[in-house]
There are 2 protein chains.
Amino acid sequence: MNADASTKRPGGRSTRVRDAVHSAAIALVSERGADQVTLPAVAQRAGVNSSTLYRRWGTVAALLADIARHRGDAGAPPLVGNLRADLENQAVWTLAELSRPGGIAFFRAEVAPDIDERHDGLRECLRRVSERFRPVLDTARERGDAPPSLQQVLDRIIAPLYFRVVFSIPGTDEAYVRELVAGFIDGAPREP
Amino acid sequence: MNADASTKRPGGRSTRVRDAVHSAAIALVSERGADQVTLPAVAQRAGVNSSTLYRRWGTVAALLADIARHRGDAGAPPLVGNLRADLENQAVWTLAELSRPGGIAFFRAEVAPDIDERHDGLRECLRRVSERFRPVLDTARERGDAPPSLQQVLDRIIAPLYFRVVFSIPGTDEAYVRELVAGFIDGAPREP
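Residues numbered from 1 in each chain as written. Chains lettered and ligands numbered in written order. Predicted model: local features only at pLDDT ≥ 70, side-chain atom pairs only at ≥ 80, totals over all residues. Heavy atoms only, no water.

A.B. asks: Honestly, the overall build of chain A in this entry has me stumped. Any pointers?
C.D. replies: Of the regular secondary structure elements, chain A holds 9 helices and 0 strands. When the helices and strands of chain A are placed in sequence order, the string is α-α-α-α-α-α-α-α-α. Considering only intrachain contacts with a sequence separation of at least 6, the fraction spanning at least 24 residues in chain A is 60%. Element-wise, carbon and sulfur atoms account for 52% of the exposed surface of chain A, whose accessible area totals about 8,900 Å². (Helix = DSSP H or I, 4+ residues; strand = E, 2+ residues; numbered from the N terminus. Contact = heavy atoms within 4.5 Å. Areas by Shrake-Rupley, 256 points an atom, 1.4 Å probe, with all protein chains shown as cover.)

Listed below in structure tokens is the structure:
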């Protein structure tokens with residue numbers, strides 16, 4: 001099921017079909033919202049036979065999850081060699097990815113309970129998010145800094161970002177992300 | 001759609017049917033996992049005609065979301081009048097609720113992209129979780145303490161709990177919750 005086209009030769013027909021289908025799905029999700037997208041509509045937009053989509057992805061949710069996996073981290077900001085700046089940059093970029101049209105829909109599709117491979121989807125999603133922050137911590141350690149653990153970054157940066165985007169909490173913007181990172185890096189003990 | 005039986009007379013037939021269906025669904029989710037539960041199976045277990053379930057809930061996801069709403073906070077620990085203890089108690093109880101069989105499945109059903117009223121579900125879910133912690137902060141304020149804001153509690157306690165349970169991150173247990181609350185209350189600035 002859901003043969004992973006990324007393992008095939010880049011530029012091959014399978015890859016071209018996947019790219020066309022992904023682009024069409026992303027465009028339709030932006031225009032209509034994820035819950036109004038159907039496989040035949042994606043097929044039509046992509047100029048691909050809808051039977052191909054049913055065979056290769058099966059459901060819209062599986063297609064969205066596949067897109068989330070393939071989006072990968074192209075466009076992620078490069079490291080600048082400063083813990084605070086690098087955490088901020090990765091976190092701001094993560095928020096932008098989640099906030100773009102359909103961004104959270106792709107995440108929700110990936111963790112949805114009705115996708116067969118959902119545990120794989122969850123693991124893959126967590127792995128991808130974690131890998132985004134791991135180099136920040138690794139390079140800080142190589143510089144001789146004592147960076148936080150990846151678990152702490154998950155708890156203090158990534159979890160609140162995802163939680164706030166899933167629940168559409170107002171004020172979840174770049175300024176909020178910078179405050180989140182500042183609170184994490186600087187500590188600031190609470191009043192007793 | 002999905003008439004809310006909680007507005008009807010307690011003890012009436014509608015309430016009895018709802019309670020029987022909820023109990024049957026909770027039992028089946030525990031036994032089989034949420035993705036193996038069907039409305040006819042729930043109907044059979046509950047001794048209710050399956051057409052009733054299709055009419056009243058429509059889908060398993062809508063039924064699970066309804067259960068999540070109705071579970072409410074029965075059994076939540078009483079306040080003891082100490083900020084740290086009250087945050088710990090509510091957080092430990094929230095983790096226990098999420099961790100019991102099907103607990104996270106109910107949450108995922110509530111936020112799933114394929115439920116029509118999903119935005120209501122999200123708002124209701126966030127409201128319910130927030131209301132669990134609001135009295136802790138209100139009573140601390142009444143005692144003359146300077147408690148954190150509800151937003152801070154969302155970022156520092158609730159978001160990491162949900163994130164870790166959704167992603168099945170190992171070590172998400174009562175000891176972890178106590179550390180989370182301690183880090184939040186005591187601050188502990190990070191090494192530069």
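Structure's up, so let's keep going.
A.B. asks: How should the packing of helix H1 (residues 13-32) of chain A against helix H4 (residues 60-71) of chain A be read in this particular structure?
C.D. replies: Two quantities define a packed helix pair, namely the angle between the helix axes and the distance between the axes. Residue and element names in this part refer to chain A. In the contact formed by H1 and H4, the axes pass within 10 Å of each other and the chain directions differ by 110 degrees. In this view, H1 runs roughly perpendicular relative to H4, as classed from their interaxial angle. Two secondary-structure elements touch here, H1 through Arg18, Val21, His22, Ala25, Ile26 and Val29 and H4 through Leu63, Leu64, Asp66, Ile67, His70 and Arg71. Split into classes, the residues belonging to the contact of H1 with H4 amount to 7 nonpolar, 2 polar and 3 charged. (Axes fitted to C-alpha atoms, helices over the stretch in contact; angles between N-to-C directions. Parallel < 35°, antiparallel > 145°, perpendicular 65-115°, else oblique. Nonpolar A, V, L, I, M, F, W, Y, C, P; charged D, E, K, R; others polar.)

A.B. asks: Would you explain the packing of helix H8 (residues 150-166) of chain A against helix H9 (residues 174-186) of chain A in this entry?
C.D. replies: All names here are of chain A. Close contact between H8 and H9 brings their axes to 10 Å; oriented N to C, the two are set at 160 degrees. What the angle tells us is that H8 and H9 run roughly antiparallel. Both H8 and H9 take part in a crossing whose hand is right-handed. The segment H8 lies against H9, with Gln152, Val153, Arg156, Ile157, Pro160, Leu161 and Arg164 engaging Tyr176, Val177, Leu180, Val181, Gly183 and Phe184. Grouping the constituent residues of the contact of H8 with H9 by class yields 9 nonpolar, 2 polar and 2 charged. (Left-handed = near helix turned anticlockwise from the far one by under 90°.)

A.B. asks: What am I meant to see in the UniProt feature "DNA-binding region" (unreviewed entry) in chain A here?
C.D. replies: In the UniProt entry, the feature "DNA-binding region" (unreviewed entry) is given for residues 38-57 of chain A. The distance from the first to the last C-alpha atom of residues 38-57 of chain A is 12 Å, and the span holds 75% helix and 0% strand. (UniProt positions renumbered as here; feature names shortened; annotations may be inferred.)

A.B. asks: I keep staring at the packing of aromatic side chains and nothing clicks. Help me out?
C.D. replies: Two descriptors summarise a pair of aromatic rings, namely the distance from one centre to the other and the angle between the planes of the rings. Per the counting criterion, the structure on display carries 4 aromatic pairs over all chains. Taken together through their ring pairs, the aromatic side chains of A:Tyr162, B:Phe163 and B:Phe167 make up a single cluster. Here the guanidinium or amino end of B:Arg164 rests over the ring plane of B:Tyr176, the centre of that ring lying 3.9 Å away. (Phe/Tyr/Trp six-rings, centres within 6.5 Å; stacked < 30°, edge-to-face > 60°. Lys NZ or Arg CZ within 6 Å of the ring centre and 35° of its normal.)

A.B. asks: Before we go on, may I ask you to explain helix H8 (residues 150-166) of chain B in this structure?
C.D. replies: Each α-helix turn comprises 3.6 residues. Residues three or four places apart therefore point the same way. Residues and elements named next belong to chain B. The largest bend along H8 reaches roughly 40 degrees and is located at Ile158, with the proline Pro160 sitting one to four residues downstream. With 15 of 17 residues buried, H8 is to be regarded as a mostly interior element. Positive phi appears at Ser168, one or two residues downstream of H8, with a value of about 50 degrees. (Bend = angle between axes of the 7 residues up to and from the residue. Buried < 20%, exposed > 50% of the residue type's maximum accessible area, 1.4 Å probe, protein only.)

A.B. asks: When you look at the environment of B:Ile67 in this model, what are you seeing that I'm missing?
C.D. replies: By the secondary structure assignment, B:Ile67 is in helix H4 (residues 60-71). Along the sequence, B:Ile67 and B:Val21 sit 46 residues apart, while their C-alpha atoms lie 9.3 Å from each other.

A.B. asks: Quick question: what am I supposed to make of the environment of A:Asn89 here?
C.D. replies: Residue and element names in this part refer to chain A. Its location among the elements puts Asn89 in helix H5 (residues 83-99). Of the residues examined, Asn89 reaches a relative accessible area of 25% and is grouped as partly exposed. Setting aside residues up to four positions removed in sequence, Asn89 forms contacts with Pro77 and Val80.

A.B. asks: What's the story with the side chain of A:Thr94 in this structure? I'm lost.
C.D. replies: Within the secondary structure layout, A:Thr94 lies in helix H5. Those residues in contact with A:Thr94 that sit more than four places away from it in its chain are A:Arg132, A:Phe133, A:Leu161 and A:Tyr162.

A.B. asks: What exactly am I supposed to notice about the pattern of salt bridges here?
C.D. replies: Two side chains carrying opposite charge are able to pair once their charged atoms lie near each other. Residue and element names in this part refer to chain A. With the rule as written, the count across this model stands at 18 salt bridges over all chains. The closest approach of N and O atoms between Arg84 and Asp186, which form a salt bridge, is 2.6 Å. Within this pair, whereas Arg84 is found in helix H5, its partner Asp186 is found in helix H9, the two being separated by 102 residues in sequence. Here Arg84 falls in the partly exposed class, since its relative accessible area comes to 31%. The partner of Arg178 in a salt bridge is Glu88, and the shortest N-O contact between them spans 2.3 Å. Of this pair, Arg178 sits in helix H9 while Glu88 sits in helix H5, placing them 90 residues apart in sequence. Residue classification places Arg178 among the partly exposed positions, given a relative accessible area of 31%. (Salt bridge = Lys/Arg side-chain N within 4 Å of Asp/Glu carboxyl O.)

A.B. asks: How should the confidence of the model for chain A be read in this particular structure?
C.D. replies: Should pLDDT be low for a region, the predicted coordinates there are not to be read in detail. Residues and elements named next belong to chain A. Of all residues in chain A, 80% attain a pLDDT of 70 or more, and the chain-wide mean is 82. The least confident element of chain A is helix H6 (residues 103-111), whose mean pLDDT is 67; the most confident is helix H2 (residues 39-46), at 96. In this model, residues 1-8 is a region of pLDDT below 50 whose contacts with residues beyond four sequence positions or in other chains number 14 contacts. (pLDDT = per-residue confidence, 0-100.)

A.B. asks: Whenever I open this one, the environment of A:Gly47 confuses me. Can you help?
C.D. replies: All names here are of chain A. Inspection of the secondary structure assignment puts Gly47 in the loop between H2 and helix H3 (50-56). We classify Gly47 as exposed; its relative accessible area is 67%. Separated by 30 residues in the primary sequence, Gly47 and Val17 place their C-alpha atoms 9.1 Å from one another.

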